[in-house]
Amino acid sequence: MNAAPTSRHTPAPPTADGLGGVPAAIEQLLKAHDNASVLEICERLLKDFGIAGRLQWRPLDADDAEPAGWRLDLAEDTQRQHILTLSCDEPVADTVRDKLAWLGRLADTRLRQLAESSRLYEAISRLALAERLQRALYAIAEQASAEHDMPALMRSLHTIVSSLMYAENFYIALYDQASDSVRFPYYVDTLDTEPPTPGRSVPLHELLHGITWNLLRQGRPLFGAADELAQELGGQFQLHGPRCEHCIGVPLFRAGQVVGCIVVQSYRANVRYTRHDLDLLSYVAQHVQTAIERRSAHVELERRVADRTTALREANRVLRQQVLQRQRGERLQASLFRIAELASTTDSLEDFYPAVHRVIGGLLYARNFYIALSEEENQLITFPYSVDEVDSERPPRSHGGGATEYVQRTGRPLLADAATIDRLFAAGEITRFGSRSVCWLGVPLIWGDKVRGVLAVQSYSPEHTYTERDQELLTFVSYHVANALQRKHADATLKQAYASLERRVVERTRALGLANRDLREQIAERERIERRLKYETLHDSLTGLPNRTLLLQRLEQAMQRYQTNPKEQFAVLFIDLDRFKVINDSVGHLVGDDLLFQVGGRIRACLKTRDVVARLGGDEFAVLLEHVSDAAAARRIAEHVLGELQTPFRLGAREIFTSASIGIAMAGAHYRQPEELLRDADSAMYHAKDGGRHRASLFDDRLRREALSLLRMESDLRHALTRREFVPFYQPIVSLVDGHVTGYEALLRWNHPERGLLLPQDFLLIAEDTGCAEAIDWLIFEQVFAQVTQLVGDKGTVSINVSGLHFRYADFDARLLALLEKHRVPPSSIRIEVIERTLLDNPTQVKQMLQNLRHQGVGIALDDFGTGYSSLSYLHQYPFDTLKVDRSFVTELGDDRKDQGTAVIRAIQVLADSLGMQVIAEGIEQAAQRQALLDVGCRFGQGFLFAQPQAAEYWLRPERRLSR
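About the thresholds
- Every residue gets a number counted from 1 within its own chain, in the order that chain's sequence is written.
- In keeping with the model being predicted, local features are shown solely for residues with a pLDDT of at least 70 and side-chain atom pairs are shown and tallied solely at 80 or more, while totals for entire chains, interfaces and linings include all residues.
- The side-chain values count all of the structure's non-hydrogen atoms but skip hydrogen atoms and water molecules.
- Strands here are runs of E lasting at least two residues and helices are runs of H or I lasting at least four, both read from the DSSP assignment and numbered beginning at the N terminus.
- Two things to know: the radius of gyration comes from C-alpha atoms, and the globule rule equals 2.2 Å times the number of residues to the power 0.38.
- Exposure is judged per residue with a 1.4 Å probe applied to protein chains only, and the accessible area is read against the type maximum: over 50% gives exposed, under 20% gives buried, and values in between give partly exposed.
- Only four residue types enter the tally: Lys and Arg on the positive side, Asp and Glu on the negative side, with His and both chain ends excluded.
- Charged side chains are reduced to one point each, which is NZ for Lys, CZ for Arg, CG for Asp and CD for Glu.
- Here, strands pair whenever DSSP counts at least two bridges between them.
- UniProt positions are given in the numbering used here, feature names are shortened, and annotations may be inferred rather than shown by experiment.
- The contact criterion used throughout is that any non-hydrogen atoms of two residues lie within 4.5 Å.
- Axis angles are defined between N-to-C directions and span 0 to 180 degrees, where every axis is a line fitted to C-alpha atoms and, for a helix, only to the segment in contact.
- By nonpolar core we mean a set of buried residues, namely Ala, Val, Leu, Ile, Met, Phe, Trp, Tyr and Cys, connected to one another through side-chain atoms within 4.5 Å.
- In this analysis, rings of Phe, Tyr and Trp, with Trp reduced to its six-membered ring, are considered paired at centre separations within 6.5 Å, and the interplanar angle assigns stacked below 30 degrees, edge-to-face beyond 60, and tilted for intermediate values.
- Definition used for salt bridges: Asp or Glu carboxyl oxygen within 4 Å of a side-chain nitrogen of Lys or Arg.
- An angle below 35 degrees is read as roughly parallel, one above 145 as roughly antiparallel, one from 65 to 115 as roughly perpendicular, and any other as oblique.
- Crossing handedness: left-handed means the near helix sits turned counterclockwise from the far one by under a right angle, and right-handed means the same turn made clockwise.
- For this scheme, ten residues count as nonpolar: Ala, Val, Leu, Ile, Met, Phe, Trp, Tyr, Cys and Pro. Four count as charged, namely Asp, Glu, Lys and Arg, and the remainder, Gly too, count as polar.

1. What to know about the overall build of the chain
Across its full length, the chain carries 27 helices and 33 strands. The globule rule puts the C-alpha radius of gyration for 964 residues at 30 Å, and the 50 Å found for the chain is more than 25% above it. Among the 964 residues that make up the chain, the fraction classed as buried is 43%. Where the 114 positive side-chain charges of the chain centre and where its 129 negative ones centre are 4 Å apart.

Laid out in C-alpha cells, this is it:
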C-alpha cells in the first residue's frame, strides 16, 4: 500500500531517550551537500528510530501503480525531479508516522535549499560568462579603432578569443571570391612546421576538402573530431596539416556572402570543445569580421591619404619650381632693365663696367669676370674691365690662339671644363690658355652684325661650375650688354663731336629719357597686372563677384565648422537665369553681360554681409548662406531673390524682364566635399526648371532617389550593351501608288528585362551623356547588316539613322564599309540617314565621308528635311539622293492648314525632282494624307497607315509582307 503524511503541522522532534546520536545526524542532514548525503543520513536516522524499511529515489513521473507492501513519500528533490520514498513490508504505527513526517519535512527543506543553491550557482556562472563575453566584444571593438597595424590587431583578437575558450591553435582565413583564393593573415599552430605566409594567396583548390575549404564552400560551422567531421561531411573531408583531436570552425559573412573563417583546434586528448563553445565562437566571429573590415577600411583610407599627400607634395614641388622659374625670370628682367638703365645713367664706361658686373653677379657666379673688346685698327684685344682671383691684370694683346680669340673667331659661346680645353688644344683650336680654371664660360658681344668682343666668367673652384642654362642666360644678357656698349660707344662718339652735334645729343638724351620712362611704366604696369591677376584668379572678370574657386574654399570652411558644431547650419543656393540665351541672341552679348552684372548686384543686395554670392559661369550663380536656422529660412531668402530678379532691368534704352530658377541644398553630415553640395543644389535647380521655372526647389530625398534612378539607368545601359538588349525594329517604306514595300527604316528599340520595350526617347539622351550612344549604334548596324539580305534581298534598301557623333571620327566611313564587307552586304542595299544639324559640325570632314560612302554605292538621305536650317546649299554640296519630309508637314495635310502644308511638300517635291532625288514622306497615318501626297507627286512614304515598326522576324513571315 501507499501512504503519505496527511497533517501539515510539524510534529515535535523525537525525544532523546535512546537516541543519543539523533541531534548530530540532524545537524549533518541540515549541512548535507547533495541528495546522496541526504539519503544516507535519513537511513541512519531511520535505524536510530528503529524503523525497518528501505529508502530510495523514485522518479517524479514514475508509474503510481499499487506497490507491494507499505510506501511513504518523505521529500521531493525539485532539482532532479525525484521523490525520496520509504518502503516497508507492514504499515508503521502512528507514533512512528509522526517521526517520519518530521524527518520528511527536514529532508524536504534541505533538498529545496540545495536546489536553490544550485540555481544560484548556475546563474552566477552564466553572469560571469556573459561578463567575459561582453568584455571580449568591447575589446574587439576597441582593437578595431586602435592605432595598430593588421598583425597587431590579429594578435589582439587571438588573445581575446583565448580568454573565452582554449585557443592555443588559432587561425583566421580571408577568402577572395574574384581570384578564388585564400589568404591567412594570422596563423598560430603549435605542431604545424610549415605555416602559410600571411601575404601569400593560396588557391582554394589546394585546400580541397579541408576544414577551410568546407567552411568557405558550405558556409556553416564545423564542430567535432576529425573522424566525426569525415562522417558528417560524407567523405568530403581531408586534413591539411597535423591531425587534431577536436576543432571548431565558423564562417565569416559580409552581406550574406562567405568572406572568411575562424578555426580553433586542440591537439590535446583531454581538451574537447562543447556546443556552447561553438555558439560562443559563432557569435564572436561576426564581431571579429566587423573589426577586420573596419581596420581594413582604415588601412585603405590611410593608403589613400598617403597617396594624396604624395600627389600634393609633388604638386607643391612643381609649383615651387614654377615659382623659382618665375623669380629667375623676374630677376633676369630686372637685370635687363638695369643694364638698359645703366647705359643711360652712368657717366662713363669706367662706371658702367662695374655696374654690369654687379648685375651679372646677381644672376650667376661671376667672381672672376672680364670684358674683352677687339680694336680692328690696331689688331689688338683690350680688356677694359677685368676682375680675377689669379690674373689681377690683363694687358692688351695681339690676336692669338686663346679661348677669347676662339669665341671671337667662331662667334659662338664656349662652355669649357678642363677636358674641353685639352680637347681644343689637341685639335689645334686653342694654342694658349691663361691660368687654368675649373670651368670657363665665354659668349660673344655682337652689334652691327659683327663680333666686337667677348664677355667671360670663370671659376677656379669645383664648388662653382657653369651649365648650359648659365650659358643661355649669359648669352641672352650679352645681347643687352652689347646693345648697352654700342650705345655707350655711340655716346662717346657723340661727346667727341659735342660741339657740332649738340642738338642731336639733346634729342638722343630726350629719347633715352622717354625710353627709360616707358620702361618704368612697363614695370609699374606689370606689377599692376600681377595684382590684378591675383584678384582675378578668385573673382569673376565680368561681375567682380567671387568665382567657383573662392566659393569652394568658403564652402569647405563652412563644412568644417558644421562638422565641429552641427548648429552652424548653412545652405547653398544654385541660381540659373531662365531663357538667358534668348536675351543674348535677341539683344546681343553686350546687353547680356550688362544684365549679368546687374543680376549679381541684386543678388548681393538680398544677402547679409557674411554670405557669399559667386558667379560660376554663363548665367549660373551660387550663394552660400551662413547661419540659417532651417530650410524654411533658406527658402524665404530664395523667394526674396526671385522677387528682386522679377523686377525689370533697365539696360540702356531697353527694359529687360527675366526670371530665375533656384535650387537649395542644406548642409548635412553625409556631405564630404563642397562639390557634392553644389551638385545637389544644381539638381534641385533643374527640378525647379522642370516645374515651370521662376521658382525655388529644395533638394530632398526624392531628388536624391531620382539621381540614383539616373545612375541606375546608366548602369542598365552599360549592362544592356554587354547583353545585347538593343535590337532594330523595321518600319516599311512603301510605294504610295500600290503599297508595294520598297525598303525599310531600321529603328532603335531596347528590350529592357524589367521595363519591357523602350523607345529611344526613353534612354537616348542619357546614352549620349554617358558616351554609350556610338556603341549602341554600332550594335544596331551589325544586326541590321546581318538581316538586310533576308529582308530586301537585292531589290530594296534598308535605312539606318547615323548620329552626328560618328562623323567626329575620321575613320567612320571606312569602318562602316568594312562592316558591310564582313556581312557581305552590297552597299547599294544600305541607305544612311543624317539630319541637317550633323552637317554643321566639321562640314569638310562630313562631306568627304559622305562622298566616299556614296561613291561606294551607299545611299545618302537627308532626314527631317524642312525642320532645320533647310539651306539649299546643302543639297548640291553633299551627295544626297533622298529627301525625307518631316512628319510635321505631313500632319498638316489633314487639318485646316492643308493648303499651306501641301504647298511646302509640293515645293520640296519639285526641288527634289529637279535635282534627281527621291522624296519619302514620314508619319503618314491617314488615307487622306496619302492621297494628298500622291497629288503633289510624292511616290514613297512610311507611317502607321501602312505598318508599325516590328522586329525582323515579323517581316520575314510570308503572311506579314505588305501588299496594297
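2. Re the pairing of strand 4 (residues 82-88)
Taken across its 7 residues, strand 4 has 6 buried, putting it largely inside the fold. Summarising the sheet, strand 2 (residues 54-59) and strand 4 pair through 6 bridges and their orientation is antiparallel. Bridging across to strand 4, P59 finds its partner in H82. Pairing between strand 3 (residues 70-77) and strand 4: 7 bridges, direction antiparallel. Across the sheet, L72 pairs through a bridge with L86, a residue of strand 4.

3. Remarks on the UniProt feature "domain: GGDEF" (unreviewed entry) in the chain
UniProt feature "domain: GGDEF" (unreviewed entry): in the numbering of this structure it lies at residues 568-701. The span residues 568-701 is 44% helical and 28% strand by assignment, and the distance between its end C-alpha atoms comes to 22 Å.

4. Re the sheet that holds strand 15 (residues 439-447)
Pairing is antiparallel across the open sheet formed by 6 strands, whose spatial order is 13-12-11-16-15-14. The open sheet has two edge strands, strand 13 (397-398) and strand 14 (414-417), and neither has a second partner. Packing of helix 9 (residues 403-410) onto the sheet brings it into contact with strand 11 (368-375), strand 12 (380-387), strand 13, strand 14, strand 15 and strand 16 (450-459), and relative to strand 15 it is tilted by some 40 degrees.

5. So, the nonpolar core
In this structure, F726, F785, I832 and F880 are the most contacted members of the largest nonpolar core, which totals 73 residues. Looking at which element gives the most residues to this core, the answer is helix 20 (residues 773-792), with 10 residues. Residues in contact with F785, not counting those within four places in the same chain, are I800, L816, L819, L820, H823, V825 and I830.

6. Thoughts on the packing of aromatic side chains
Scanning the entire structure with this criterion turns up 20 aromatic pairs. Measuring from centroid to centroid gives 6.5 Å for Y166 and Y273, while their planes differ by 35 degrees, and the two rings are tilted. Placement of Y166 in the loop between helix 4 (150-162) and strand 5 (169-176) and of Y273 in the loop between strand 10 (257-266) and helix 7 (275-345) is noted, with a sequence separation of 107 residues between them. Residue classification places Y166 among the partly exposed residues on the basis of a relative accessible area of 21%. Pairing W750 with F763 gives two aromatic rings, centres 5.2 Å apart and planes at 80 degrees, and the pair type is edge-to-face.

7. A short note on the environment of E228
Checked against the element boundaries, E228 lands in helix 6 (residues 226-232). As for E228 and E472, which are separated by 244 residues in sequence, their C-alpha atoms are 86 Å apart. Among residues more than four places away in sequence, those in contact with E228 are H246 and R272.

8. With respect to the pattern of salt bridges
Applying the stated rule across the entire model yields 33 salt bridges. Measuring nitrogen to oxygen at the nearest pair gives 2.4 Å for the salt bridge that ties E525 to R528. You can see E525 and its partner R528 sitting in helix 12 (residues 502-536), 3 residues apart, about one turn around the helix. On the basis of relative accessibility, which here comes to 35%, the residue E525 falls in the partly exposed class. Across the pair R615 and D540 runs a salt bridge whose closest N-O atoms are separated by 2.9 Å. Residue R615 is found in strand 18 (residues 612-617), and its partner D540 is found in the loop between helix 12 and helix 13 (548-564); the two are separated by 75 residues along the sequence. Judged on exposure class, the residue R615 and its partner D540 are both buried. Taken together, the shared-partner salt bridges connect D576, D578, K689 and R693 into one network.

9. Let's talk about the sheet that holds strand 23 (residues 696-698)
As summarised here, the arrangement of the 5 strands in space is 18-19-17-22-23, forming an open sheet in which the pairing is mixed. Of all the strands in the sheet, the pair left with one neighbour each is strand 18 and strand 23. On average, each strand axis in the sheet is inclined to that of its neighbour by 20 degrees, with strand direction left out of account. By the bridge criterion, 3 bridges tie strand 22 (residues 660-666) to strand 23 in an arrangement that is parallel. When the sheet's bridge partners are listed, G663 is paired in strand 23 with S697. The strands touched by helix 16 (residues 631-646) within the sheet are strand 17 (570-577), strand 19 (620-626), strand 22 and strand 23, with strand 22 carrying the most contacts at an inclination of about 165 degrees.

10. Focus on the packing of helix 15 (residues 589-605) against helix 16
Running from N to C, helix 15 and helix 16 cross one another at 140 degrees; their axes reach a closest spacing of 9 Å. With respect to each other, helix 15 and helix 16 are oriented oblique. You can see that helix 15 and helix 16 cross each other, and the crossing is right-handed. Across the interface between the two elements, V599, R602 and I603 of helix 15 pack against V641, E644 and L645 of helix 16. Along the lines of polarity and charge, the residues of the contact of helix 15 with helix 16 split into 4 nonpolar, no polar and 2 charged.

11. Examining the pairing of strand 16
Of all the 10 residues making up strand 16, 7 are buried; the element is thus mostly covered by neighbouring parts of the structure. Where strand 11 lies against strand 16, 6 bridges are found, and the strand directions are antiparallel. The residue of strand 16 that forms the bridge with L373 is G453. Here strand 15 hands over to strand 16 after 2 residues, with G448 in that stretch at a positive phi of 65 degrees.

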